[in-house]
Amino acid sequence: DAFVAMVKRQSVRPQLLKERGKDLTVVYTPLHGTGAMLVERVLGDLGITVISVPEQREPDGEFPTVEFPNPEEASALKMALELGEKEKADIVMGNDPDADRLGIAVPDEGEYRLVTGNQHGVLLADYVLSAQKETGTLPSDPVFVKTIVTTEMQRKVAEHYGARVYDVLTGFKHIATVIRDLEQNPGSGTYVTGGEE
């Protein structure tokens, strides 16, 4: 419950979710992994309709419906994309089995277009930073953290909003180290967002 509450607090536009969340339909697949319970709960609590791919909802280490459970591959999201078309979903989302990676697809001229990790990261950086700026919640000392394998376009977006950018080695542990250092050293900057391709 504490984790779910913390995740919901990360919304940069909670009022928008309150007003429009009910109008959003997400088709989701955990790819036989662990994500269903938390993704369905959090998005459902926010009023969003979540339709999970039934054949891929339950954890199964054999991954019987996919060749490789990588949500950034079109073949892994095939069933979710088909269900998305049927349900006319606003977005198709999938997690890898331990739910630390996300693949998404959005409608584009009658078909779903997969969004790469780098594209997603750029869009997310712009959304979070612009929303915080517009709502007056952007800290005066924002920090954005990316890894060396991530597109430099994220740096440009973050710097556009006045964020200091840290470039770290590959792996979330390196991003987390910067976050911890900032938290332990008041006045050194405020972590806003970041990620890895």
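Just so you know, these numbers come straight off a predicted model, no measurement behind them. (Residues numbered from 1 in each chain as written. Predicted model: local features only at pLDDT ≥ 70, side-chain atom pairs only at ≥ 80, totals over all residues. Heavy atoms only, no water.)

Section: the pattern of salt bridges
Argument step 1. In total, this model carries 15 salt bridges according to the counting rule given.
Argument step 2. Residues K78 and E82 are paired through a salt bridge, measuring 2.6 Å at the closest nitrogen-oxygen approach. Here K78 pairs with E82, and both are found in helix α4 (residues 78–87), just four residues apart, close to one helical turn.
Argument step 3. Relative accessible area serves as the criterion here: at 49%, K78 is assigned to the partly exposed category.
Argument step 4. Overall, E82 belongs to the partly exposed group, its relative accessible area being 43%.
Argument step 5. It is possible to trace a salt-bridge network through shared partners that takes in K146, E152, R155, E159 and D167. (Salt bridge = Lys/Arg side-chain N within 4 Å of Asp/Glu carboxyl O. Helix = DSSP H or I, 4+ residues; strand = E, 2+ residues; numbered from the N terminus. Buried < 20%, exposed > 50% of the residue type's maximum accessible area, 1.4 Å probe, protein only.)

Notes on the pairing of strand β1 (residues 25–29)
Argument step 1. Here β1 lies mainly inside the structure; five of its five residues are buried.
Argument step 2. Neither face of β1 is open: one carries T25, V27 and T29, the other V26 and Y28, and all of them are buried.
Argument step 3. Where β1 and strand β2 (residues 49–52) come together, four bridges link them in parallel fashion. Bridge assignment links V27 to a residue of β2, and that residue is I51.
Argument step 4. Viewed along the sheet, the connection from β1 through helix α3 (residues 36–45) into β2 turns out right-handed. (Pairing = 2+ DSSP bridges. Right-handed = clockwise from strand over helix to strand, strands pointing away.)

With respect to the sheet that holds strand β6 (residues 142–147)
Argument step 1. Ordered by their spatial adjacency, three strands build an open sheet running β7-β6-β8, and the pairing between neighbours is parallel. Strand pairing shows two members of the sheet lacking a second neighbour, β7 (164–168) and β8 (190–195), which therefore form its edges. Each neighbouring strand pair of the sheet contributes to a mean axis angle of 25°, computed without reference to strand direction.
Argument step 2. Bridge count for β6 against β8 is five bridges, and the pairing is parallel. Residue pairing for β8: V145 is matched across the bridge by G194.
Argument step 3. Strands in contact with helix α5 (residues 117–135) are β6 and β8; relative to β8, the strand with the most contacts, it is inclined by about 155°. (Axes fitted to C-alpha atoms, helices over the stretch in contact; angles between N-to-C directions. Contact = heavy atoms within 4.5 Å.)

What about the side chain of T147?
Argument step 1. Here T147 is to be found in strand β6.
Argument step 2. In terms of polar contacts, T147 uses its side chain to reach the side chain of T150, at 2.9 Å. (Polar contact = N/O pair within 3.5 Å; in protein donor to acceptor, adjacent residues only side chain to side chain.)

Notes on the sheet that holds β1
Argument step 1. Spatially, β2-β1-β3-β4-β5 is the arrangement adopted by the five strands of the open sheet, whose pairing is mixed. The sheet is open, and its two edges are formed by β2 and β5 (111–115), each paired on a single side. Across the sheet, the axes of successive neighbouring strands diverge by a mean angle of 25°, strand direction being ignored.
Argument step 2. Sitting on the sheet, α3 is in contact with β1, β2 and β3 (91–95), with an inclination near 160° to β2.

Thoughts on α4
Argument step 1. When α4 is considered as a whole, its buried residues turn out to be A80, L81, L83 and G84. Across the axial projection of α4, the buried residues extend over an arc of 165°, all falling on one side.
Argument step 2. The elements touched by buried residues of α4 are β1, β2, β3, β4 (102–108) and β5.
Argument step 3. A positive phi of about 55° marks K88, the residue just after α4. (Arc of directions from axis to C-beta.)

With respect to the nonpolar core
Argument step 1. L129, F144, V157 and A158 are the most contacted members of the largest nonpolar core, which has 13 residues in total.
Argument step 2. Examining the composition of this core, we find that five residues originate from one element, α5, more than from any other.
Argument step 3. Sequence-distant contacts of F144, that is, excluding residues within four places in its chain, are made with A125, Q154, A158, A163, R164, V165, Y166, T193 and G194. (Core = buried A, V, L, I, M, F, W, Y, C linked by side-chain atoms within 4.5 Å.)

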